[in-house]
Amino acid sequence: MTMSDIELAFAHPEDRAEASAGAAPRDRISLRDHVVEADIGAFQKERGHKQRLRFNVVVEVRPVTEPLDDDVDRILSYDRITEAIDAELAAERLNLLETLAERVAERILAEPAAMRVFVRIEKLDIGPYALGVEIVRSRAERPVQKAGDEGMEAVHPLVVYLDNLSIHAPDLSARLDALLAEGLPLILAVGLPDLPRPVTGHKPTQRRVDLLAMEQNAWTLAARDPRCVVVATRTEIDWAIKRGQSVVWAPSKLVLDAVDGPKGSEPVSLALWLAETMSASALVVHGDVAVPAGSRVPVRRA
């Protein structure tokens, strides 16, 4: 680890947000050194005694496309950050800072303008130092919501990776039937086709070539079964999920536009990233391919 990595690890969330911004960084609002008292902690000696918590929060927001006219109702107000903190502290006593950070981040991301949030929480009264946690969460990680019998409900689709043997298998339709029988919306992901493709010798352009080759493979799958509809945007995926439909993912747009997206173009890693981004119930892998370790969603082989 270099010194710059160490400095960044202990930097303010605003510096971390700036360092991880993409080519088109978003606007940011921040809350610095906000100290409140709360009864929190897993140890018995912490129960029944309030201790000071220090919050540092940075929210990346969707750019405002219309004139502000100096109208507070057209922005994400700073008060919404402190209100999120107060609401979660008032909801129930918690043992873990990690839980509190997750809930504060989730409440902030419920704001329409919020796109990504950095939350750092530190305990100030444990000793002659500060102990804390820091998390980063983005809107993309929030599950799709649809109207249910008891209000809005989260939908967790099934992401399925198909290797080329599976795409061309004679029983493809039967395999899709079995997957659809699980009662979840399907997002199908594919890899590189078994065809020659240009080799550029330049990583950024090669990545685009590989992503476009995967999209060609997606259209090959679409030609084999009418239920395999190729989609490229998060809006299209969300629309299909809300209606319980199956789609084939064309990865270029989502991968290249993502601020916190995957860095390479390895197909199974992309499928795993998509599964995590969509809060999928699982990633199902067809074919003898390696799956990266450390997934936040269950992975199973067909």
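First, a word on what this report is: a plain description of the structure on this page. (Residues numbered from 1 in each chain as written. Predicted model: local features only at pLDDT ≥ 70, side-chain atom pairs only at ≥ 80, totals over all residues. Heavy atoms only, no water.)

## Examining the overall build of the protein
Then, number 1: Of regular secondary structure, the protein possesses 10 helices and 12 strands.
Then, number 2: Residues counted as buried form 41% of the 302 residues belonging to the protein.
Then, number 3: Considering only contacts within the protein whose residues lie at least 6 apart along the sequence, 61% involve residues at least 24 apart.
Then, number 4: When the accessible surface of the protein is summed, it comes to about 16400 Å², and 53% of that surface belongs to carbon and sulfur atoms. (Helix = DSSP H or I, 4+ residues; strand = E, 2+ residues; numbered from the N terminus. Buried < 20%, exposed > 50% of the residue type's maximum accessible area, 1.4 Å probe, protein only. Contact = heavy atoms within 4.5 Å. Areas by Shrake-Rupley, 256 points an atom, 1.4 Å probe, with all protein chains shown as cover.)

## Focus on unusual backbone geometry
Then, number 1: Positive phi is not limited to glycine here, since Asp33 has a value of about 55 degrees.
Then, number 2: One non-glycine residue, Ser279, lies in the positive phi region at around 50 degrees.
Then, number 3: Within the element layout of this structure, Ser279 appears in the loop between helix H10 (267–277) and strand S11 (282–286).

## As for the pattern of salt bridges
Then, number 1: Taken as a whole and assessed by the stated rule, the structure comprises 17 salt bridges.
Then, number 2: A salt bridge links Arg80 to Glu111, with the nearest nitrogen and oxygen atoms 2.9 Å apart. One end of the pair, Arg80, is in helix H3 (residues 79–91); the other, Glu111, is in the loop between helix H4 (97–109) and strand S3 (114–127), and 31 residues separate them in sequence.
Then, number 3: Across the pair Asp171 and Arg175 runs a salt bridge, and its minimum N-O distance is 3.1 Å. (Salt bridge = Lys/Arg side-chain N within 4 Å of Asp/Glu carboxyl O.)

## Let's talk about the environment of Pro298
Then, number 1: With respect to the element layout, Pro298 can be found in the loop between S11 and strand S12 (299–301).
Then, number 2: With 14 residues separating them in the primary sequence, Pro298 and Val284 have C-alpha atoms 8.6 Å apart.
Then, number 3: Beyond its immediate sequence surroundings of up to four residues, Pro298 is in contact with Ser281, Ala282 and Leu283.

## Notes on the environment of Leu176
Then, number 1: Structurally, the position occupied by Leu176 is in helix H6 (residues 172–180).
Then, number 2: When the C-alpha positions of Leu176 and Leu186 are compared, they lie 9.1 Å apart, and in sequence the two are 10 residues distant.

## Side note on the side chain of Ser265
Then, number 1: Counting through the fold element by element, Ser265 comes out in the loop between helix H9 (252–257) and H10.
Then, number 2: At 3.3 Å, the side chain of Ser265 and the side chain of Asp210 are in polar contact.
Then, number 3: In this view, Ser265 contacts Arg207, Asp210, Met214 and Leu270; residues no more than four positions away in its chain are not counted. (Polar contact = N/O pair within 3.5 Å; in protein donor to acceptor, adjacent residues only side chain to side chain.)

## What to know about H10
Then, number 1: With 10 of 11 residues buried, H10 is to be regarded as a mostly interior element.
Then, number 2: Along H10, the residues classified as buried are Pro267, Val268, Leu270, Ala271, Leu272, Trp273, Leu274, Ala275, Glu276 and Thr277.
Then, number 3: A side-chain oxygen of the first residue of H10 lies 3.1 Å from the backbone nitrogen of Val268; this N-cap is Glu266.
Then, number 4: Where H10 ends, the next residue or the one after it, Ser279, has phi of about 50 degrees, a positive value.

## So, the sheet that holds S3
Then, number 1: Here we have 4 strands laid out as an open sheet, ordered S1-S2-S3-S4, and antiparallel in their pairing. Each edge of the open sheet is held by one strand with a lone partner, namely strand S1 (27–38) and strand S4 (129–138). If you compare each strand with its neighbour and ignore which way they point, the axes differ by 15 degrees on average.
Then, number 2: Pairing of S1 with strand S2 (residues 51–61), which is carried by 10 bridges, proceeds in the antiparallel orientation. Following the sheet pairing, Leu31 is matched in S2 by Val57.
Then, number 3: Of the strands in this sheet, S1 and S2 are in contact with H3, which crosses S1 at around 35 degrees.
Then, number 4: Against the sheet, H4 touches S2, S3 and S4, its axis set at about 150 degrees to S3. (Pairing = 2+ DSSP bridges. Axes fitted to C-alpha atoms, helices over the stretch in contact; angles between N-to-C directions.)

Keep in mind these values describe shape, not function.
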